[in-house]
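The chain contents come next:
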Amino acid sequence: MTSPLVRRRSSLSNVECGGKAAVFYIIDIVRGRGYIDELCVLPAWRCNDLGTRLLSWAIAPFDATGVDDLELMVVEGNEGAMLLCERFRFPPAPRTMRRWPYGQK
């Protein structure tokens, strides 16, 4: 896996296989709380244990800096991601629903 690209307090890391992106994550620390803003295994690379390895890799910087309050959002209906997060002791939380201004997504 490649080294994180650090910009301010956020980190973006990705892994390429055969010259194409396979997985990526974006993490951030805000006021002592860790956020895994994005964690993605592209469809062609799923079912290869990359999700487990990627989540472990994304959590490591928080462990190294003593940040133990982490937040990660999962798209509803993504059962595989939900099970993965539960294995890493991210309990299910109440759903947040947002309404974007008309014409924006």
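For the structure itself, look to the data block above.
Residues numbered from 1 in each chain as written. Predicted model: local features only at pLDDT ≥ 70, side-chain atom pairs only at ≥ 80, totals over all residues. Heavy atoms only, no water.

1. Some remarks on the pairing of strand β4 (residues 33–41)
In step 1: Bridge count between β4 and strand β5 (residues 70–72): three bridges; the pairing is parallel. Bridge assignment links Y35 to a residue of β5, and that residue is E71.
In step 2: Running through helix α1 (residues 50–65), the crossover from β4 to the neighbouring parallel element β5 is right-handed. (Pairing = 2+ DSSP bridges. Helix = DSSP H or I, 4+ residues; strand = E, 2+ residues; numbered from the N terminus. Right-handed = clockwise from strand over helix to strand, strands pointing away.)

2. A word on unusual backbone geometry
In step 1: A positive phi angle is found at R31, which is not glycine, with a value near 50 degrees.
In step 2: Looking at the element boundaries, R31 is found in the loop between β3 (20–30) and β4.
In step 3: In this structure R31 comes out as exposed when scored by relative accessible area, which is 82%.
In step 4: Positive phi values are uncommon outside glycine, yet R89 reaches one of about 65 degrees.
In step 5: Checked against the element boundaries, R89 lands in the segment after α2 (79–87).
In step 6: Judged by relative accessible area, R89 falls into the exposed class, the value being 76%. (Buried < 20%, exposed > 50% of the residue type's maximum accessible area, 1.4 Å probe, protein only.)

3. Side note on the pattern of salt bridges
In step 1: In total, this model carries two salt bridges according to the counting rule given.
In step 2: Among the ionic pairs, R33 bridges to E71, the shortest N-O distance being 3.6 Å. Placement of R33 in strand β4 and of E71 in strand β5 is noted, with a sequence separation of 38 residues between them.
In step 3: In this structure R33 comes out as partly exposed when scored by relative accessible area, which is 32%. (Salt bridge = Lys/Arg side-chain N within 4 Å of Asp/Glu carboxyl O.)

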